[in-house]
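So you can see what is in the structure, the chains are spelled out below.
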Amino acid sequence: QVQLLESGGGLVQAGGSLRLSCAASGRTFSTYIMGWFRQAPGKEREFVAAISRAGSRTYYSDSVKGRFTISRDNAKNTVYLQMNSLKPEDTAVYYCAASTVVGGTKTKEDEYNYWGQGTQVTVSS
């Protein structure tokens, strides 16, 4: 089991940057694939980024590739999402998630076992 807590959300102007953090409990953080998803009002939750257990591989949605960077520090039980060049369409609640699935796409909600409560990101134009 793992508990996840996101932080770092807030209000920012278009073109600005934010860095989200997700702190995980327990001793098994390095065994999880970690991902970020987001959900805008009235929209379905969508995949944003994911990172492999050792941080060797990363995955991004086309909409954020080149602007967002996911990273992890297993010694600190923390995963990060650096968001640059933010756009109003990035406005959403951002969720941290953990997966024990071997293989798979890394992009599907049903591959993730544990979820945080989310942190709000609002980008003004």
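What you are looking at is a predicted structure, and each value in this text was computed from that prediction instead of being measured.

S.K.: Give a description of the overall build of the chain that names residues and reports values.
M.R.: On a plain count of helices and strands, the chain comes out with 0 helices and 11 strands. Traced from its N-terminal end to its C-terminal end, the chain shows the element sequence β-β-β-β-β-β-β-β-β-β-β. The C-alpha radius of gyration of the chain comes to 13 Å, within 12% of the 14 Å expected for a compact globule of 125 residues. In the chain, the proportion of contacts linking residues at least 24 apart, taken out of those at least 6 apart, comes to 58%. Accessible surface computed for the chain: about 6,600 Å², of which carbon and sulfur atoms make up 46%. Both charge centroids of the chain, one from 14 positive and one from 10 negative side chains, sit 7 Å from each other.

S.K.: Would you mind going over the state of the cysteines in detail, with residue names and values included?
M.R.: This model, assessed by the stated rule, comprises 1 disulfide. Each sulfur of the disulfide joining Cys 22 and Cys 96 lies 2.1 Å from the other. Judged by the torsion about the S-S bond (-80°), the Cys 22/Cys 96 disulfide is left-handed. You can see Cys 22 sitting in strand β3 (residues 18–24) and its partner Cys 96 sitting in strand β9 (residues 92–99), a full 74 residues away along the chain. Cys 96 carries the same exposure label as Cys 22, and that label is buried.

S.K.: Tell me about the nonpolar core, residues and numbers included.
M.R.: Within the largest apolar cluster, 27 residues are counted, with the highest numbers of intra-cluster contacts made by Met 34, Trp 36, Val 79, Leu 81, Met 83 and Tyr 94. Counting residues per element, the ones that place at least two in this core are β3, β4 (33–39), β5 (46–51), β7 (68–73), β8 (78–83), β9 and β11 (119–124).

S.K.: Report on the sheet that holds β8, specifying residues and quantitative values.
M.R.: Ordered in space as β1-β3-β8-β7, the 4 strands form an open sheet in which the pairing is antiparallel. Strands with a single pairing partner mark the edges of an open sheet, and in this sheet they are β1 (4–7) and β7. For this sheet, the mean inter-axis angle between neighbouring strands, taken without regard to orientation, is 15°. Examined bridge by bridge, β1 and β3 share 4 bridges and lie antiparallel to one another. Note on β3: the bridge partner recorded for Glu 6 is Cys 22.

Quick notes on the rules
Residues numbered from 1 in each chain as written. Predicted model: local features only at pLDDT ≥ 70, side-chain atom pairs only at ≥ 80, totals over all residues. Heavy atoms only, no water. Helix = DSSP H or I, 4+ residues; strand = E, 2+ residues; numbered from the N terminus. Rg over C-alpha atoms; globule rule 2.2 N^0.38 Å. Contact = heavy atoms within 4.5 Å. Areas by Shrake-Rupley, 256 points an atom, 1.4 Å probe, with all protein chains shown as cover. Lys, Arg positive; Asp, Glu negative; His and termini not counted. Charge placed at Lys NZ, Arg CZ, Asp CG, Glu CD. Disulfide = S-S within 2.5 Å. Buried < 20%, exposed > 50% of the residue type's maximum accessible area, 1.4 Å probe, protein only. Core = buried A, V, L, I, M, F, W, Y, C linked by side-chain atoms within 4.5 Å. Pairing = 2+ DSSP bridges. Axes fitted to C-alpha atoms, helices over the stretch in contact; angles between N-to-C directions.

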